[in-house]
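Tertiary structure, described
Next come the chains, spelled out residue by residue.
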Amino acid sequence: MTKFIGIYNNKGGVGKTTLSLFISDFLSSITINQKKSRVLVIDFDPQASCSNAILGINKISNIRSKQRTLPHALLEKIKGSKCIKLEDYIFTREKKEKPGTRKVKLGNLDVISSSSELVTEFEESSSLDDSLLISKWMKDQLSGKYDFVFVDLPGNLSKRNGYSLVGAFLVDFFIIPTELNRININAIPLTLKILDSIKEWRGEDNQFKLLGFVLNKADKRTKQYRLHKDELVQFANIRGCKIFDSVLPPTPKLSNATDDSIEFFTLSDRYDTYYKNVRSLVLEIVESLGFSIKRKKNSATV
Ligand SMILES: Nc1ncnc2c1ncn2[C@@H]1O[C@H](COP(=O)(O)OP(=O)(O)OP(=O)(O)O)[C@@H](O)[C@H]1O
Ligand SMILES: [Mg+2]
């Protein structure tokens, strides 16, 4: 069954896109139960930094000129087009791997790209109920075709963001990336409140589970980590979710990737340095989704 996993934190710049990139890229590269996972990323942020980092800026401008970004699809759908197929909006990352630079081979990764174009037009011509209907339509089209669908959401979601809410309505499992500092901890209650609103808008028989928090730019040895961890534990306990033990460490070379649309796979040192962290985080997430994993070097067998 396809698992729809949403990466969300209401606060901006906490690593939602970075986490979406790391886990989707890594998961598409390894085998689970001796089988390659089929992985799709849907970019629901009009800024489109996730799509740019996966496909590269040239490919994205090509996709935009062909009117094949997500808002193009959703607008067509809302206008009542009957012949629209989501598969026409899915693009596979090219395998332009530099030989010998990766411990894990580049896998097949599919993306539905975002764009700032037409988002306002979509939002002006649709209601919250339309967003719910469109997310159901998307889910029907994608279910069974992928093992994992990652939904990269923007921060600052509200009732007015009908476009990104389509993504929030698709999600079965939410993960909240956060940094462990005062500003980030203070922002958690609002994020949880917005998840509660999403719950309410979705209705009783269309619910999701909050899997837990992933700590980004975290260093377990620091005072800051110890100081704020307990507060996050309290939020996790109240919500009955976990804090993933594996963290995303600070990755200096990464810091401009999403801002400058540098293709993520070209940052070839990321696995050499951070391979172990990303691997254990991905396996932990997959386990929390109900898979049981035998841990082996370079692969995971269910
Ligand atoms: N672990 C990390 N190490 C170093 N830099 C990081 C790390 N995680 C994120 N960054 C950097 O921090 C910035 C914000 O990250 P990112 O774009 O992933 O956040 P976001 O939550 O998706 O932001 P937005 O709310 O704008 O969508 C980017 O420049 C990114 O490269
Ligand atoms: Mg982002």
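Scroll up a little and you will see the structure.
Since the model is a prediction, treat every value here as computed from it, not as a measurement. (Residues numbered from 1 in each chain as written. Chains lettered and ligands numbered in written order. Predicted model: local features only at pLDDT ≥ 70, side-chain atom pairs only at ≥ 80, totals over all residues. Heavy atoms only, no water.)

Regarding the sheet that holds strand S1 (residues 3-7)
In spatial order, the strands read S5-S6-S4-S7-S1-S8-S9-S10; together these 8 strands make up an open sheet with mixed pairing. The open sheet has two free edges, formed respectively by strand S5 (90-92) and strand S10 (242-243), since each of these has just one partner strand. The sheet strands contacting helix H9 (residues 223-239) are strand S8 (173-178), strand S9 (209-215) and S10, and the helix crosses S9 at an angle near 175 degrees. (Pairing = 2+ DSSP bridges. Helix = DSSP H or I, 4+ residues; strand = E, 2+ residues; numbered from the N terminus. Contact = heavy atoms within 4.5 Å. Axes fitted to C-alpha atoms, helices over the stretch in contact; angles between N-to-C directions.)

What about unusual backbone geometry?
Notably, Gln 67 is not glycine yet its phi reads approximately 60 degrees, a positive angle. The class for Gln 67 is partly exposed, based on a relative accessible area of 49%. At Asn 156, a residue that is not glycine, the phi angle is positive and equals roughly 55 degrees. The topology assignment puts Asn 156 in the loop between strand S7 (148-152) and helix H7 (162-170). (Buried < 20%, exposed > 50% of the residue type's maximum accessible area, 1.4 Å probe, protein only.)

Side note on the environment of Leu 21
If you trace the backbone, Leu 21 turns up in helix H1 (residues 16-29). Classification of Leu 21 by relative accessible area gives buried; the value is 2%. Residues Leu 21 and Ala 53 lie 32 residues apart in sequence; the distance between their C-alpha atoms is 8.0 Å.

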